[in-house]
Amino acid sequence: MKRDLFVDPENDARSIDDLFNVALSEPDEDVAWDAVMTLHHRGSREVLDRAAALARSDCPLERRVGAEVLAQLGCPGRPYSDEVKAILLPRLEFETDAAALAAVISALAHQDGTDGRRASLRFLRHPDADVRYSIVHALSTLTEPWAVAGLIELSRDSDPKVRDWSTFGLGSMIEVDKPEIRAALKARLNDEDPDARGEALVGLARRKDLAVSPSLRERLAADDVDSYDLEAAEEMSDPELLPLLQALRSPQDDESWRMALESAIEACAPA
């Protein structure tokens, strides 16, 4: 049964033993994650040592949970960041379980510096989509050329979720504007996944790329205009889009849609 509320880590009275037992054995992922978050909050040396032992276990499940606990241990300060990197970086050389590897990559991405994120690039073509997805989040917000190149490759991934989030990373999570980024975004304008396509549209509009105007006008005239289209129109701030946007007004619009539409109209209205 799913719960309506998660457990507040500050008020979780369970012992460290109980928390690790739940994290390792609870079939409900939400309940298990509550225990992991409380362990993050506890942030003690005992939790560090026990999670480190799990991360080196022969059991893939234990290795995954160990990495998940280490990822944000002592948050938000993460006082053990250097020790966590020393524990987990070697795991990249030996980890064979996809779920544990994805957890290690994600955990390293939470630590200070970029060495863990850069090390994840060796798995860009890993056969498991969840591993590649973890790399997307490890690289997002970074502007170093190697990180941008990694996201560009992942934007061509076979998995739609990986394409979607890497396109979002390129288009909206960084301000870098380079020809190779624009080319990667343009390649997604006809993506079969609507989220990847929408993120590409927004990313190009944020860069005021006039090449996106025909696609945007086509979308605004379609029967299935979505929030990506309105966001892209607002970013472009092009008065030529105004009639198409005004035609979308309807008394049946819900409040959030109406607000997004009016923001786009205001942005495109002539000064």
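Above this note sits the structure.
In this text the structure is predicted, and so the values were computed from the model without any measurement.

A few points about the side chain of Asp193
And step 1. When you line up the elements, Asp193 lands in the loop between helix H12 (179-186) and helix H13 (194-206).
And step 2. Buried and unpaired, Asp193 has no salt bridge, with Arg163 as the nearest side chain of opposite charge at 5.6 Å.
And step 3. A polar side-chain atom of Asp193 sits 2.8 Å from the main-chain amide nitrogen of Ala196.
And step 4. Apart from residues no more than four positions distant in its own chain, Asp193 is found in contact with Pro160, Arg163 and Asp164.

Remarks on the nonpolar core
And step 1. By size, the foremost hydrophobic cluster in this structure holds 81 residues, and its most contacted members are Val69, Leu70, Leu88, Leu220 and Leu245.
And step 2. For Leu220, the contacting residues outside a window of four places in its chain are Val225, Asp229, Leu230, Ala233, Leu241, Leu244, Leu245 and Leu248.

Notes on the packing of aromatic side chains
And step 1. What the rule picks out here adds up to 1 aromatic pair.
And step 2. Ring centres of Trp165 and Phe168 lie 5.7 Å apart, and the angle between their planes is 85°; on these two criteria the pair is classed as edge-to-face. You can see Trp165 and its partner Phe168 sitting in helix H11 (residues 160-171), 3 residues apart, about one turn around the helix.
And step 3. Taking relative accessible area as the criterion, Phe168 reaches 25% and is therefore assigned partly exposed.
And step 4. A cation sits over an aromatic face here: Lys161 above Tyr133, 4.1 Å from the ring centre.

A short note on helix H14 (residues 213-220)
And step 1. Among all positions in H14, only Ser213, Leu216, Arg219 and Leu220 are buried. Projection of H14 onto a plane perpendicular to its axis shows the buried side chains occupying an angular sector of 125°, all on one side.
And step 2. Check the buried side of H14 and you find it contacts H13, helix H15 (227-236) and helix H16 (242-246).

Remarks on the packing of helix H3 (residues 45-55) against helix H5 (residues 81-88)
And step 1. It is the contact of H3 with H5, at a shortest axis distance of 10 Å, that shows an interaxial angle of 15°. Classified by the angle between their axes, H3 and H5 sit roughly parallel to one another. Crossing of H3 against H5: the hand is right-handed. Each of Arg45, Leu48, Ala52 and Ala55 in H3 lies in contact with H5, whose residues at this interface are Glu83, Val84, Ile87 and Leu88.
And step 2. The residue makeup of the contact of H3 with H5, split by class, is 6 nonpolar, no polar and 2 charged.

Each value, and the rule that gives it
Residues numbered from 1 in each chain as written. Predicted model: local features only at pLDDT ≥ 70, side-chain atom pairs only at ≥ 80, totals over all residues. Heavy atoms only, no water. Helix = DSSP H or I, 4+ residues; strand = E, 2+ residues; numbered from the N terminus. Buried < 20%, exposed > 50% of the residue type's maximum accessible area, 1.4 Å probe, protein only. Lys, Arg positive; Asp, Glu negative; His and termini not counted. Salt bridge = Lys/Arg side-chain N within 4 Å of Asp/Glu carboxyl O. Polar contact = N/O pair within 3.5 Å; in protein donor to acceptor, adjacent residues only side chain to side chain. Contact = heavy atoms within 4.5 Å. Core = buried A, V, L, I, M, F, W, Y, C linked by side-chain atoms within 4.5 Å. Phe/Tyr/Trp six-rings, centres within 6.5 Å; stacked < 30°, edge-to-face > 60°. Lys NZ or Arg CZ within 6 Å of the ring centre and 35° of its normal. Arc of directions from axis to C-beta. Axes fitted to C-alpha atoms, helices over the stretch in contact; angles between N-to-C directions. Parallel < 35°, antiparallel > 145°, perpendicular 65-115°, else oblique. Left-handed = near helix turned anticlockwise from the far one by under 90°. Nonpolar A, V, L, I, M, F, W, Y, C, P; charged D, E, K, R; others polar.

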